[in-house]
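# Structural characterization, general
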Amino acid sequence: AQSVTQLGSHVSVSEGALVLLRCNYSSSVPPYLFWYVQYPNQGLQLLLKYTSAATLVKGINGFEAEFKKSETSFHLTKPSAHMSDAAEYFCAVSKSSGDKLTFGTGTRLAVRP
Amino acid sequence: NAGVTQTPKFRVLKTGQSMTLLCAQDMNHEYMYWYRQDPGMGLRLIHYSVGEGTTAKGEVPDGYNVSRLKKQNFLLGLESAAPSQTSVYFCASSYLGRGDTQYFGPGTRLTVL
């Protein structure tokens, strides 16, 4: 069964600093990988997804993630953090569109002025 | 398009009471889901549906029942609420399958006293 691990339940960065949120997955087949964002008191919304096309995936709000098969990783990055990026971020994995989606436990990002 | 909507937004129940949460989507999606979100545990799938008239158990189905009488609606019922069911409940839907992009509602915050 596939699984996903998000390293660091809380990450704090200064405004303007690099954002790096880590996600490692395990899957017996090439996975579909997703990053979702949850702003306070809202539902999750899709940031970006990887489905075996380009390994560098660009998403909304300036975020991107790189699929690295050799490292079984799909880390989320943004060059310069904004205060509005403060939220909880979830990585998720599935084996295919027909298989179940498994979520990580989330990383809460705080942005300091 | 409203996307995925949930009713109610907040609810307080006493132990033993029953209630139904309503989820509606206007995207003509076949697949619908109910999750619960608890601190430090990420999202856990309660039940899901792969089409009108179908339901299936997820990871944590005990104490919940669901129905999908119409394609656009997915109801989650608690027959006898317990304090352990205090949580935030999210409904989601997807088009191609369970591993496809899921679209989430805004959530229902339920407290069981």
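Here is a short report on the structure shown in this document. The model shown is predicted, which means the values in this text are computed figures rather than measured ones.

## Here's the deal with the overall build of chain A
When helices and strands are counted, chain A shows 0 helices and 12 strands. Going from the N terminus to the C terminus, chain A shows its helices and strands as β-β-β-β-β-β-β-β-β-β-β-β. Relative to the globule expectation of 13 Å for 113 residues, the C-alpha radius of gyration of chain A, 13 Å, shows essentially globular dimensions. Counting only C-alpha atoms and orienting by the principal axes, one finds that chain A spans roughly 40 × 25 × 20 Å. Across the 113 residues of chain A, 43% fall into the buried class. For chain A, the proportion of contacts with a sequence separation of at least 24, taken over those separated by at least 6, is 57%. Entry remark: accessible area of chain A is about 5,300 Å², with carbon and sulfur atoms responsible for 52%. In chain A, 10 positive and 7 negative side-chain charges are present, and the distance between their average locations comes to 4 Å.

## A word on the sheet that holds strand β1 (residues 4-7) of chain B
Residues and elements named next belong to chain B. Pairing within the open sheet is antiparallel, and its 4 strands lie in the order β1-β3-β8-β7. If you trace the sheet from one side to the other, it starts and ends with β1 and β7 (65-67), each paired once. Strand-to-strand twist across the sheet, computed as the mean angle between neighbouring axes with direction ignored, equals 20°. The sheet contact formed by strand β3 (residues 19-25) and strand β8 (residues 73-78) spans 6 bridges and is antiparallel.

Basis of the calculations
Each chain carries its own residue numbering, running from 1 in the direction its sequence is written. To label them, take the chains in the order written and letter them from A, then take the ligands in the order written and number them from 1. Side-chain atom pairs in this predicted model are given and counted only at pLDDT of 80 or more, local residue features only at pLDDT of at least 70, and totals for whole chains, interfaces and linings cover all residues. Processing note: side-chain calculations cover all non-hydrogen atoms of the structure and skip hydrogens and water entirely. Strands are runs of DSSP state E lasting at least 2 residues, helices are runs of H or I lasting at least 4, and numbering of each runs from the N terminus. Atoms counted for the radius of gyration: C-alpha only. Globule rule: 2.2 Å times the number of residues to the power 0.38. When accessible area is computed with a 1.4 Å probe and restricted to protein chains, residues below 20% of their type maximum are described as buried, those above 50% as exposed, and intermediate ones as partly exposed. In this analysis, two residues are considered to be in contact whenever any of their non-hydrogen atoms come within 4.5 Å of each other. Throughout, the Shrake-Rupley method with a 1.4 Å probe supplies accessible areas, and for residues the shown protein chains are the sole cover considered. For the purpose of counting charges, residues Lys and Arg are taken to be positive, whereas Asp and Glu are taken to be negative. His and the chain ends are not included. Note that the charge is assigned to NZ on lysines, CZ on arginines, CG on aspartates and CD on glutamates. Should DSSP find at least two bridges between two strands, the strands are taken to pair. Axis lines are fitted to C-alpha atoms, over the contacting stretch for helices. Their N-to-C directions set the angle, which ranges from 0 to 180 degrees.

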